[in-house]
Amino acid sequence: MARNNENMKKILIVEDNISMRYLLENILKKSYIVRTADDGLTAMMSLSQGFSPDLILTDINMPSINGWELIAYLKKSALYKHIPIVVLSSAFLEETKVEVETEYIYDCIKKPFEPIDLLHRVSGVLKSSKYLSAVPVNN
Amino acid sequence: MMSLLKDFPSLPDNHLKNKMIVVTEISAADSGKLVLLFGAFDKEEARLLFTNDYQVYQLPFASTTVTREEIQALPLKEVGLILIKQDTKGLYLKQLAALRNLKLHVSIPIILYVNSDIKQNADQFKKFKVVDDVITSLDDFAELEFKVKFLQRYKQLASTKVTIPKHVTQVSKKTSYIIRRSFDIVVSSLLLLILSPVLLLIAIAVKLESKGPIFYISKRAGKHYRIFKFYKFRTMVVNADKKLKDLSHLNQYGSGTENSNAPSFLKIKDDPRITRVGSFLRNTSLDELPQLINVLLGHMSLVGNRPLPLYEAATLTSDHWANRFDAPAGMTGLWQIMKRGESDMSTEERIELDITYAKNNSLIFDLWIMVKTPFAMMQKSDV
């Protein structure tokens, strides 16, 4: 893993549960530059203050602005729609919602999760999104 | 000051060129909210806004730059959106930065309207921290309205969030933390001091009976899943973990199949790996005393939830169960004083108790648990 700060990828973690937030931060902070937000609102604040992550890892059930609302906006916004989003939630039972939003979500990780599995999947998304953005778009 | 232009589509061509700012109003859901247009919107674009149920107001600005006074003179309380047409010099953006500083109006979304392909310029636009979003066309009104609604709500929430006096809750949290931490430090160091002869005797006994270290150190997850080195007196022979496999046929819970990945709940009657000193230490719970070091170092608290082995903590990474990790790990806790007597408590029940503790976490509650602990331990030694 690159330890060099400039080469390290940036991740925004959006999670309202304090302990869960610490856990995610501790899993990812060794390999990435991590910023945390405790709901969709603080995630928006962090983004608008100039933090531009390479990936957003978000929970769904949150107060104020929830995960679906955040994803729906980010994927319409010209400034943020290129950022890959990974959803981490136990709320996948709302299957209709998933169908609507699937095209925007790069990966879904279901809680409870295995920490090492989460790390692998996040790094997988980062690798594939880097590859995708390097491919020239036809026409 | 403001004049309603009732017959906008038939405006003379030079009208929009001369007047820099056009104020429009959304007549739909957010009636009374105005839209401010900054920049040289041409007649077609203005007509587009008009045909989408916008009513047009005009403000009397003659100059090509907007002064701070002119901005302050705007009916900002009524404004629901500020739309800026691309300006290469960033003139309006500077004015809008000034507008930001007037705290009353931070909840107005500011959207930049550009003709160019914004993919390449996204980073450049982000530098103008004033701008909330960028659009390239006025054709998709549904999308524009969706964005405006979301941004209005977001900025409203954000502006109220800032005004909440955060320090009030922080102070009380901090003082309660300081009180507990000091309590932990004082009590654990006193106990370590008083018990030092006992600890020394145990250490010698452990060392003499079998080869190996005095302490058994394992990794455990405490508050907020933080991993720390957990100290116990060694009660088993060295490499006990490796010998586990050889003993699997004795496991009372085991299914017998070697490849099974079943949860590793292991209990062996008269476990041959446990030393005689170890057996005594376990029965008297004296093997737990080195955790006072963990308490002194701040890994644990005197009262809290049981620090969990990492494999067990990993299974508890769901929203509900995560709540148990909001409380510190502790030497004694609600579980220890409740479980005595009823030997069979399921894992779920135990974790629910942990969550109950985390939610009712207070100094008084801790003291109550500490008082109860010796009685619970006496009950245990009877069994």
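For the structure, see preceding data.
The structure displayed is predicted, hence computed values, not measured ones. (Residues numbered from 1 in each chain as written. Chains lettered and ligands numbered in written order. Predicted model: local features only at pLDDT ≥ 70, side-chain atom pairs only at ≥ 80, totals over all residues. Heavy atoms only, no water.)

The next point concerns the overall build of chain A. Counting its secondary structure elements, chain A contains five helices and five strands. The 139 residues of chain A split such that 52% are buried. In chain A, 60% of the contacts between residues at least 6 apart in sequence involve partners at least 24 apart. Accessible area for chain A stands at about 6,700 Å²; split by element, carbon and sulfur atoms hold 51% of it. (Helix = DSSP H or I, 4+ residues; strand = E, 2+ residues; numbered from the N terminus. Buried < 20%, exposed > 50% of the residue type's maximum accessible area, 1.4 Å probe, protein only. Contact = heavy atoms within 4.5 Å. Areas by Shrake-Rupley, 256 points an atom, 1.4 Å probe, with all protein chains shown as cover.)

Looking only at helices and strands, one finds 16 helices and twelve strands in chain B. A total of 383 residues make up chain B; the buried ones form 43% of that total. Of the contacts formed within chain B by residues at least 6 apart in sequence, a portion of 70% connects residues at least 24 apart. Total accessible area computed for chain B in this model is approximately 21,800 Å², and 59% of it derives from carbon and sulfur atoms.

What follows is about the interface of chain A and chain B. Taken together, the contacts link 36 residues of chain A with 32 residues of chain B. Summed over both sides, the interface between chain A and chain B buries roughly 3,000 Å², with carbon and sulfur atoms accounting for 63% of that surface. Area buried by chain A at its contact with chain B is led by Y73, K76 and L79 of chain A, which between them contribute 22% of it. On the surface where chain A and chain B come into contact, there are two salt bridges. Put simply, the parts of the chain that give the side of chain A that touches chain B at least two residues each are α1 (18-28), α2 (40-48) and α3 (67-74) of chain A. Counting residues per element, the side of chain A that touches chain B draws most heavily on α1 of chain A, at six residues. A class-by-class count of the residues in the side of chain A that touches chain B yields 16 nonpolar, twelve polar and eight charged. (Buried area = accessible area lost by both parts, 1.4 Å probe. Salt bridge = Lys/Arg side-chain N within 4 Å of Asp/Glu carboxyl O. Nonpolar A, V, L, I, M, F, W, Y, C, P; charged D, E, K, R; others polar.)

Let us now look at the sheet that holds strand β1 (residues 10-14) of chain A. Residues and elements named next belong to chain A. Spatially, five strands are ordered β2-β1-β3-β4-β5 in an open sheet, and the strand pairing comes out parallel. The open sheet has two edge strands with one neighbour each: β2 (33-37) and β5 (105-110). Geometrically, the sheet is characterised by an average inter-axis angle of 20 degrees between neighbouring strands, direction not taken into account. In the packing of α1 onto the sheet, contacts are made with β1, β2, β3 (55-58) and β4 (85-89), and the angle to β2 comes to roughly 170 degrees. Where α2 meets the sheet, its contacts fall on β1, β2 and β3, and the angle it forms with β1 comes to roughly 155 degrees. (Pairing = 2+ DSSP bridges. Axes fitted to C-alpha atoms, helices over the stretch in contact; angles between N-to-C directions.)

Take the packing of helix α8 (residues 196-209) of chain B against helix α10 (residues 276-284) of chain B next. The description of two packed helices rests on the angle between their axes and on the distance between the axes. Their axes nearest at 9 Å, the elements α8 of chain B and α10 of chain B cross at an angle of 145 degrees. Contact residues: I202, A205, V206 and E209 of chain B in α8 of chain B; R276, V277, G278 and L281 of chain B in α10 of chain B.

The next point concerns the packing of aromatic side chains. All names here are of chain B. Counted by the stated rule, this structure contains seven aromatic pairs over all chains. With a centroid separation of 5.7 Å and 25 degrees between ring planes, the pair formed by Y357 and F365 is classed as stacked. Each member of the pair, Y357 together with F365, is buried. An angle of 10 degrees between the planes, with centres 6.0 Å apart, marks the rings of F365 and W368 as stacked. Here W368 and F365 lie together in helix α16 (residues 363-382), a separation of three residues that amounts to about one turn. Assessed through its relative accessible area of 40%, W368 is described here as partly exposed. (Phe/Tyr/Trp six-rings, centres within 6.5 Å; stacked < 30°, edge-to-face > 60°.)

Residue and element names in this part refer to chain B. On the surface, a cluster of nonpolar side chains totalling about 420 Å² of accessible area is made up of V186, L190, L193 and I194. As for its position among the elements, I194 is in helix α7 (residues 166-194). For I194, a relative accessible area of 59% gives the class exposed. (Patch = residues over 30% accessible without salt bridge, like charges linked within 9 Å, V, L, I, M, F, W, Y side chains within 5 Å.)

To continue, consider a positive patch on the surface. Together, K29 and K30 of chain A together with K173, K219, K223, R226 and K229 of chain B line one region of the surface with positive charge. Topologically, K30 of chain A is positioned in the loop between α1 and β2. By relative accessible area, K30 of chain A is classed as exposed at 57%. (Lys, Arg positive; Asp, Glu negative; His and termini not counted. Charge placed at Lys NZ, Arg CZ, Asp CG, Glu CD.)

All names here are of chain B. In this fold, D184 is placed in helix α7. R181 provides the closest opposite charge to the buried, unpaired D184, separated from it by 4.7 Å. D184 has contacts with S189, V295, M300, S301 and L302, leaving out every residue within four places of it along the chain.

Turning to the environment of K10 of chain A, a few remarks are in order. Residue and element names in this part refer to chain A. Looking at the secondary structure, you find K10 in strand β1. A C-alpha to C-alpha distance of 4.7 Å links K10 and P53, two positions 43 residues apart in sequence. Discounting residues that sit within four places of it in the chain, K10 has contacts with I33, F51, S52, P53, D54 and L55. Within polar-contact distance, the side chain of K10 engages the backbone oxygen of S52 at 3.5 Å. (Polar contact = N/O pair within 3.5 Å; in protein donor to acceptor, adjacent residues only side chain to side chain.)

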